[in-house]
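# Fold and contact review
Chain residues, written in single-letter form:
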Amino acid sequence: MTSLPLVFDAPRRGLPPRHLADLSSAERAQAVADLGEKPFRAKQLSHHYFARLTTESDAMTDIPSTARDRLVGELLPTLLSPVRQLRCDEGATRKTLWRAHDGTLLESVLMGYPDRATVCVSSQAGCGMACPFCATGQGGLRRNLSTAEIVDQVRLAAAAVRDGELGGEDGARGPQRLSNVVFMGMGEPLANYRRVVDAVHRICDPAPDGLGISQRSVTVSTVGLVPAIRKLTEEELQVRLAVSLHTPDDELRNTLVPVNTRWTVSEVLQAARGYADRTGRRVSIEYALIRDVNDQPWRADLLGKKLHTHLGQFAHVNVIPLNPTPGSKWDASPKPVQDEFVRRVKAQGVECTVRDTRGREIAAACGQLAAEG
Ligand code: SAH
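The paragraphs below set out a description of the structure included in this document.

What counts as what
Residues numbered from 1 in each chain as written. Predicted model: local features only at pLDDT ≥ 70, side-chain atom pairs only at ≥ 80, totals over all residues. Heavy atoms only, no water. Core = buried A, V, L, I, M, F, W, Y, C linked by side-chain atoms within 4.5 Å. Buried < 20%, exposed > 50% of the residue type's maximum accessible area, 1.4 Å probe, protein only. Helix = DSSP H or I, 4+ residues; strand = E, 2+ residues; numbered from the N terminus. Domains from an automatic or database assignment. Contact = heavy atoms within 4.5 Å. Axes fitted to C-alpha atoms, helices over the stretch in contact; angles between N-to-C directions. Parallel < 35°, antiparallel > 145°, perpendicular 65-115°, else oblique. Left-handed = near helix turned anticlockwise from the far one by under 90°. Nonpolar A, V, L, I, M, F, W, Y, C, P; charged D, E, K, R; others polar.

Further remarks concern the nonpolar core. Among the nonpolar cores identified, the biggest contains 106 residues, and Leu178, Phe183, Ile285 and Val317 are the most heavily contacted of them. With nine residues, the top contributor of residues to this core is helix α5 (residues 147–162). Built from parts of two domains, this core gets at least three residues from each of domain 1 (19–67) and domain 2 (81–372). Discounting chain neighbours no more than four positions away, the residues touching Leu178 are Leu110, Ala117, Thr118, Val119, Val154, Ala157, Ala158, Val161 and Ile213. By size, the runner-up hydrophobic cluster in this structure holds five residues, among which are Val109, Tyr113, Cys120 and Val182.

So, about the packing of helix α1 (residues 25–34) against helix α2 (residues 40–51). Their axes nearest at 8 Å, the elements α1 and α2 cross at an angle of 120°. With respect to their mutual orientation, α1 and α2 come out oblique. The element α1 and its partner α2 pack so that their crossing is right-handed. Contacts between α1 and α2 involve Arg28, Ala29 and Val32 on the former and, on the latter, Arg41, Ala42, Ser46 and Phe50. Class assignment of the residues belonging to the contact of α1 with α2 gives a composition of four nonpolar, one polar and two charged.

Limitation: the analysis is restricted to geometry and does not speak to function.
Take a look at the structure:
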């Protein structure tokens, strides 16, 4: 059996230079003072970054130019440069491949809907969880992203939405404000625990300390690292937890989500229940439906039963039609099989919906673009 990298916080290897968004507001004031500038400049800088969404020193006319260049140079280094951008869904979905300071590639996907705009961010470059159906899982973990590299993906998405870069349906202008953030890009967020939790604070703190997005509009998705779910439960956050279950039985889950050999389905669901009890929030159960692999009627029945027992009304199943990765032998289930699966889960009294699948034709799902390079 392959050994799994179960560390929660891998080394700082390759992390970028310090950035304003790595720091709490107290740390920002200190960092500015250490540079010999007046502490209130930290607030001004934060206002430019988190409220005006800019890192351009020319735009910061309230800061004297000498101080400005120094502060921007020290605290707002460029973290992400766009390498490629792909659009589909009539412009309402946009995927960006970013290059970090050390050449590492990562992706984020921006999705506009009539009533909201969501960005799907990466928490790691690559992923160590090795789920065989996921493109990112095939390449292994390259490195953790820093807090600021995560926050900057959201900041850039928020600026794009504000600037009308996301086309709406029928060419209409989409929403004007980024409303939702999902940690469903590359990586296992709970394996980069501290940086992800810090990023959630920066994303959700009211401007100018943070980007001012509601915690309830942020989703953290995990393969089910049980101790980390318990730790997250203690953080007193209101973010939504999503658990990538993909099958209700340990035997198959050991192969689909290899970390299951460490924490079983029951243990994961118990931890999820703990999170739901503490936060009062329903847990999303992610289920990538794979033809002839996990789509059998008996599995739908077992899924419904187990979720009913462990989570009751606190479960919401999201069925995701499998997005086949290049070279994979697996495919999505036929529509009638999918419909029957959903019907059976619901028959157990558990909510179940099919995820709208954006960006298929631009390989927007799950690490495909970075894998293509
Ligand atoms: N590591 C985290 C978050 C990243 S992936 C997690 O596993 O939850 C976000 C979701 O996309 C997960 O539920 C993942 O299992 C799913 N996913 C990965 N590859 C997929 C594919 N090819 N088709 C459909 N869903 C996929």
